[in-house]
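# Examination of the molecular architecture
Read off the chains here:
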Amino acid sequence: MIGTKHLIFATAVSAIALTSGAASAQNLVMYCSVQQSWCEATAAAFTKETGIRVAMQRKDTGAALAQIRAESANPQADVWWGGSGDAHIQAASDGLTQEYKSPNVSELRDWAVEQGETTGYKTIGIYSGVLGWGYNTEFFEREGLDPPLAWSDLEKADYEGEIQVANPNTSGTAYTALATLVQLYGEDEAFDYLKRIDGNISEYTQSGTAGIRAAALGETGIGIAFLHDVIQQAAAGFPVKAVAPSDGTGYEIGSMSLIKDGPNPDVAKTFYDWALTAEAQGLALDAGAYQIQANKNVEPAPEAPKLDETKLIDYDFAKYGSAETRSHLLKRWDNEIASQR
Ligand code: PLP
């Protein structure tokens, strides 16, 4: 059961565009894995557009996958909106999500459609974001330190206890970082690197955005994060600067999936189609979300990270989203990194 105290019901602000009288009595249950502000804005706009009430629960990516898995005998939610694509691919391969090819797929950028093709349309790309980190400029100036510009810089003793990154079991951001390092260095060398930087990490947080929020507040020097999350903090006036690692980095295709045998399948498809439109994706910026949107008609914000100006790895989404690889890497992280704390 979903605890009602965690649910946010978006209600219609004005009576527009009700598709039918019956629709107004319908509910959609959504698990949302992007930032709270964007989750809420999207739920409210969908309700305003259709009259369908949205019961929304915000969950970090890995936590959403775990919940969907735990509920699979009796699914409680209809749609999982947002969160890094690796976990959506694993949900697809584990049979937790429903195939659906929306007519609006034709409006999407190629990388978003590829996410659908990889999984037989059991998931679809809705945004992309580049992995990197943000650092607190005031802290670095005060300490007279050079900011880290490459992954290898994060090993410097200067940064002891000054880095926060999330736990890849709960966080899509942190899993993207783990999979990126494995693709950059090879698996054994990536785990050696993670052991070497462990002394610089003060905390493995549950949420992928906790580290950059802490850096924004000056509670830590560096937060490993998606660059759009760093930009969001900078746009809000905090003294943080984004770094796209110069030795190469990974990226995410944030995704959306319909949950298999969810309680409201028709309403779920209505949401899915709407969520791919330029109108829906255009809500992101006002909600402080700087991800690059999948719909071709939504221009990235000028501040958004530029995919073509970043040294990106050729991220193998099918492999690193597969149940076999993802489960193996997470188990190894538990055994070799978390257990050493
Ligand atoms: N917030 C934003 C802005 C994101 O883009 C993502 C991942 O797609 C998340 C949160 C996911 O958070 P977490 O790393 O805790 O799963």
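Predicted model, so just to flag it, every value in this text is computed and none were measured. (Residues numbered from 1 in each chain as written. Predicted model: local features only at pLDDT ≥ 70, side-chain atom pairs only at ≥ 80, totals over all residues. Heavy atoms only, no water.)

### Looking at unusual backbone geometry
In this structure, Tyr121 is a non-glycine residue whose phi angle is positive, near 60 degrees. Accessibility expressed as a relative area gives 11% for Tyr121, which makes it buried. (Buried < 20%, exposed > 50% of the residue type's maximum accessible area, 1.4 Å probe, protein only.)

### Description of the pattern of salt bridges
In a structure, side chains of opposite charge can pair up when their charged atoms sit close to one another. Enumeration according to the criterion identifies nine salt bridges in this entry. With its nearest N and O atoms 3.1 Å apart, the salt bridge here joins Arg58 to Asp60. Classification of Arg58 by relative accessible area gives partly exposed; the value is 25%. The partner of Glu187 in a salt bridge is Arg332, with the nearest N and O atoms 2.7 Å apart. You can see Glu187 sitting in helix α7 (residues 187-197) and its partner Arg332 sitting in helix α13 (residues 323-336), a full 145 residues away along the chain. Residue classification places Glu187 among the partly exposed residues on the basis of a relative accessible area of 26%. Owing to a relative accessible area of 16%, Arg332 belongs among the buried residues under this scheme. (Salt bridge = Lys/Arg side-chain N within 4 Å of Asp/Glu carboxyl O. Helix = DSSP H or I, 4+ residues; strand = E, 2+ residues; numbered from the N terminus.)

### So, the domain arrangement of the chain
Partitioning the chain into structural domains gives domain 1 (4-128 + 252-307) and domain 2 (131-250 + 321-340). Placing the centre of domain 1 and that of domain 2 at their C-alpha centroids yields a distance of 26 Å. Taken over both partners, the interface formed by domain 1 and domain 2 buries close to 1,600 Å², and the fraction arising from carbon and sulfur atoms is 53%. Between domain 1 and domain 2 we count zero salt bridges in total. (Domains from an automatic or database assignment. Buried area = accessible area lost by both parts, 1.4 Å probe.)

### What about empty space enclosed by the protein?
Taken as a whole and assessed by the stated rule, the structure comprises two cavities of 30 Å³ or more. As a volume, the largest cavity reaches approximately 120 Å³. Put simply, the parts of the chain that give the lining of the largest cavity at least two residues each are β7 (163-166), α6 (172-185), α7 and β8 (201-205). Here the residues of the lining of the largest cavity are counted per class, giving 14 nonpolar, no polar and no charged. (1 Å grid on protein atoms, 1.4 Å probe; cavity = no way out; pocket = protein on both sides within 12 Å on 5 of 7 lines; lining within 4 Å. Points joined across faces, edges and corners; volume = space filled by probe spheres on them. Nonpolar A, V, L, I, M, F, W, Y, C, P; charged D, E, K, R; others polar.)

### Considering the pairing of strand β2 (residues 27-32)
Counting buried positions along β2 yields five of six residues, so the element is predominantly enclosed. As defined by bridge partners, β2 adjoins strand β3 (residues 53-58) across six bridges and the pair is classed as parallel. Bridge assignment links Tyr31 to a residue of β3, and that residue is Gln57. The handedness of the β2 to β3 crossover, carried by helix α1 (residues 36-50), is right-handed. Judged from the three bridges that link them, β2 and strand β4 (residues 79-81) form a sheet pairing that is parallel. Across the sheet, Met30 pairs through a bridge with Val79, a residue of β4. (Pairing = 2+ DSSP bridges. Right-handed = clockwise from strand over helix to strand, strands pointing away.)

### A word on the layout of surface pockets
In this model, the largest pocket occupies a volume close to 300 Å³. Surrounding the largest pocket, 26 residues form its lining, Val34, Gln35, Arg58, Thr209 and Asp229 being those nearest its centre. Secondary structure elements with two or more residues in the lining of the largest pocket: α1, α6, α8 (210-216) and α9 (227-235). Here the lining of the largest pocket is built from residues that sort into four nonpolar, 17 polar and five charged. Here the lining of the largest pocket spans two domains, since at least three of its residues come from each of domain 1 (4-128 + 252-307) and domain 2 (131-250 + 321-340).

### Overview of the confidence of the model for the chain
Here the chain averages 92 in pLDDT, while 93% of its residues score no lower than 70. Note on residues 1-24: pLDDT is under 50 here. Beyond four places in sequence and across chains, it has 42 contacts. (pLDDT = per-residue confidence, 0-100. Contact = heavy atoms within 4.5 Å.)

### Topic: the packing of aromatic side chains
As enumerated under the stated definition, the model contains 16 aromatic pairs in all. Taking the centre distance of 5.1 Å and the plane angle of 85 degrees together, the rings of Phe46 and Phe271 count as edge-to-face. Placement of the pair is Phe46 in helix α1 and Phe271 in helix α10 (residues 265-275), with a sequence separation of 225 residues. Accessibility classification places Phe46 together with Phe271 in one group, the buried group. An angle of 65 degrees between the planes, with centres 5.0 Å apart, marks the rings of Tyr135 and Phe140 as edge-to-face. Here Tyr135 and Phe140 have matching classes, each one buried. Over the aromatic face of Tyr175 sits the side chain of Arg326, whose NZ or CZ is 5.0 Å from the ring centroid. (Phe/Tyr/Trp six-rings, centres within 6.5 Å; stacked < 30°, edge-to-face > 60°. Lys NZ or Arg CZ within 6 Å of the ring centre and 35° of its normal.)

### Focus on the site of the ligand
The local shell around the ligand holds 20 residues, among which Thr61, Tyr127, Ser171, Thr173 and Glu252 are the closest. Here an oxygen atom of the ligand sits 2.6 Å away from a polar atom, N or O, in the side chain of Thr61. Glu252 has a polar side-chain atom sitting 2.6 Å from an oxygen atom of the ligand. Computed on the free molecule, the ligand has an accessible area of 400 Å², of which 100% lies beneath the protein chains in the complex. Of the pockets mapped on this structure, the ligand occupies the largest pocket. Elements supplying a minimum of two residues to the shell around the ligand: α6 and α9. Across the shell around the ligand, the residue classes tally to three nonpolar, 13 polar and four charged. Two domains share the shell around the ligand, each providing at least three of its residues, namely domain 1 (4-128 + 252-307) and domain 2 (131-250 + 321-340). (Near = heavy atom within 4 Å. Polar contact = N/O pair within 3.5 Å; in protein donor to acceptor, adjacent residues only side chain to side chain. Areas by Shrake-Rupley, 256 points an atom, 1.4 Å probe, with all protein chains shown as cover. Sits in = over half its atoms within 2 Å of the grid points.)

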